[in-house]
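Results of the structural survey
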Amino acid sequence: MSFNITGDALIGGVAVKGNGGSFEAWDPAARAHIAPAFHMVDVAQIDEACRLAQAAFDPFRATSDAQRADFLDTIAAQILELGDDLIVRAMTESGLPRARLEGERGRTVGQLKLFAGLLREGSWTDARIDSALPERVPPRPDLRLRMIGLGPVAVFAASNFPLAFSVAGGDTASALAAGCPVVLKAHSAHPGTSELVARAIVKAIAICQLPAGVFALLTGTGNGIGQTLVAHPAIQAVGFTGSRSGGIALMKVAAERAQPIPVYAEMSSINPVFVLPQALAARGAAIASGFAASLTMGVGQFCTNPGLVLGLEGADFTAFAAAAAEALAPAPAATMLTAGIASSYAKGVAALAQHADVTPLVQNAGEEGKGAAALFVTSGEAFLGKHDLRDEVFGPASLLVACRDMDQLLAITESLEGQLTATLQMDAGDVIDARRLLPVLERRVGRILANGFPTGVEVSTAMVHGGPFPSTSDGRSTSVGTAAINRFLRPVSYQNLPQDLLPESLRDDNPLGIWRRHDGVLGKL
């Protein structure tokens, strides 16, 4: 079966041509435009999508957990039905290899099924019952609490994951699981891929007989569509993965609304790797090899890319730097996702290469549209004094920092902005130093690894893909794993309501059979 790409937006379950100007997808490897033409939606079409989402919210959130779970499973099945058409189009629009995209499709399907499982298990509702105590002075009323969806969610597809952080990615999956309709702004770098996946969602809506406004795909380029979408009064939350400037711009729009709304933006991180002394002495060359592989994976276009490495100056760190440079030297330049990403990467590498306090170790030859590995080294004193050395360079580049001693390494750690990850390369003899670092890292990052590398984010119940600002706009949240649903929920308490008005999750007979906290005791009471 072949699936046609028409260049349309999808609003109310119907393919519609945007009323604005046209644009085409771009093949970053062939450096050529790809048919067909896509058309930008206008303000009226954005308004229609948001109003339909608002109208769909109450009936959608009234569906049972089992119905929404079946819906997520159906989306996953429809994505798989797209077959090789989806993979080929995504390869063309992103320059990413087949194996990477097939794995990403598996992750996309897997996280949809993960949220389906969460719904069937039922703990997401956080049901709580405090029984009435009429004899107490003063009396306590009957109180019951559950979580409900916030309302329609605006989701922005990411450039670096055309599937797993895009149309049916984690933001969409968690919002739909929460009972929140989604109005999605497709990324202009992969509009054809986005249309294919969006059509799979629309088909799943029809199969499951849900309101058509549960999902909409908006097409276009530039910032205007996204800002108009976030400003719309029907939208109650925002999920975004992208640049710091883009995320902050949306946060400003959301904060200036008559009714401010939360923006969950994943933005910027350099993901420090700490190579502690005993590990450095015992296996510095092996760590350097693993670091080089992590740095160049996917041409460095991961938000968890190890862009900073800290260790103590001396012969062992010098040997580590030489081994890392040797491992990176043969890495060929490779196609980056977009011309804009490639241009920004080249500027970032050039700025480091020309920095007075930085020594280049590796600067592989690049080409237009491609990213080449680059490695630099600086001193702890310079890093503490020059804030521009902390800027994220999105691509296969990293900065090594030779620290004078552990006190300086700790001072640098204290000075870092919020990060998605931090990695401890450590052996048994490094436990004391690691213990000193841990309290600082817990305040600075969302995920702490030991003896691994940060690229690769497991989709699971215990994963945190988030961190303090500016890695995300709200360090209390995660965009990966089942806890991601919490971003799009809020608590409602019911006081002295009769049984037949209570939601099933809070009724005395617990017809759903879910775990609840009843008078402080967790169980199926």
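Note that the structure is a prediction, hence the values are computed from the model and not measured. (Residues numbered from 1 in each chain as written. Predicted model: local features only at pLDDT ≥ 70, side-chain atom pairs only at ≥ 80, totals over all residues. Heavy atoms only, no water.)

Things to note about the packing of helix α9 (residues 277–296) against helix α10 (residues 315–328)
Packed helices, taken two at a time, are described by the angle their axes make and the gap between the axes. Where α9 contacts α10, the two axes come as close as 8 Å, and the packing angle between them is 35°. Of the two possible hands of crossing, α9 and α10 adopt the one that is right-handed. Contacts between α9 and α10 involve Leu-280, Ala-281, Gly-284, Ala-285, Ile-287, Ala-288, Ser-289, Phe-291, Ala-292, Leu-295 and Thr-296 on the former and, on the latter, Asp-316, Phe-317, Phe-320, Ala-323, Ala-324, Ala-327 and Leu-328. (Axes fitted to C-alpha atoms, helices over the stretch in contact; angles between N-to-C directions. Helix = DSSP H or I, 4+ residues; strand = E, 2+ residues; numbered from the N terminus. Left-handed = near helix turned anticlockwise from the far one by under 90°. Contact = heavy atoms within 4.5 Å.)

Focus on the environment of Pro-503
Residue position: Pro-503 is located in the loop between β21 (489–495) and β22 (516–518). Spatially, the C-alpha atom of Pro-503 lies 34 Å from that of Thr-472, the residues being 31 residues apart in sequence.

Details of the pairing of strand β11 (residues 263–266)
Of the two faces of β11, the one carrying Val-263 and Ala-265 and the one carrying Tyr-264 and Glu-266 are both buried. With helix α8 (residues 244–255) bridging strand β10 (residues 237–241) and its parallel neighbour β11, the resulting β-α-β unit is right-handed. (Buried < 20%, exposed > 50% of the residue type's maximum accessible area, 1.4 Å probe, protein only. Right-handed = clockwise from strand over helix to strand, strands pointing away.)

A closer look at the side chain of Ser-174
Mapping Ser-174 onto the fold places it in helix α5 (residues 170–177). At 2.7 Å, the side chain of Ser-174 forms a polar contact with the backbone oxygen of Gly-170. Dropping the residues within four chain positions of it, Ser-174 is found in contact with Phe-115, Ala-484, Ile-485, Arg-487 and Phe-488. (Polar contact = N/O pair within 3.5 Å; in protein donor to acceptor, adjacent residues only side chain to side chain.)

Focus: the sheet that holds β21
Taken in spatial order, the 5 strands line up as β21-β6-β5-β22-β23 in an open sheet, and their pairing is mixed. Strands with a single pairing partner mark the edges of an open sheet, and in this sheet they are β21 and β23 (521–523). Sheet twist, expressed as the mean angle between neighbouring strand axes with direction ignored, is 25°. Note that strand β5 (residues 128–130) and β22 share 2 bridges and pair parallel. Looking across to β22, one finds that Arg-128 is bridged to Arg-517. (Pairing = 2+ DSSP bridges.)

Section: the UniProt feature "domain: Aldehyde dehydrogenase" (unreviewed entry) in the protein
When the UniProt feature table is mapped to this numbering, "domain: Aldehyde dehydrogenase" (unreviewed entry) covers residues 17–467. Within the segment residues 17–467, helix and strand shares are 43% and 20% respectively, and the terminal C-alpha atoms sit 39 Å apart. (UniProt positions renumbered as here; feature names shortened; annotations may be inferred.)

Description of α5
Counted residue by residue, α5 has 8 buried out of 8 residues, so it is predominantly covered. Those residues of α5 that are buried lie in contact with α1 (43–61), α2 (65–81), α4 (98–121), β7 (153–156), β8 (182–185) and β10. At the C-terminal side of α5, Gly-179 shows a positive phi close to 85°.

A few points about the nonpolar core
Grouped together as the largest cluster of nonpolar side chains are 55 residues, with contacts concentrated most on Phe-71, Leu-72, Ile-75, Ile-79 and Phe-215. Taken together, the elements giving at least two residues each to this core come down to α1, α2, α4, β7, α5, β8, α6 (191–207) and β9 (215–218). With sequence-adjacent residues up to four places away left out, Leu-72 is seen in contact with Leu-112, Phe-115, Ala-116, Leu-119, Ala-173, Leu-176 and Ala-177. (Core = buried A, V, L, I, M, F, W, Y, C linked by side-chain atoms within 4.5 Å.)

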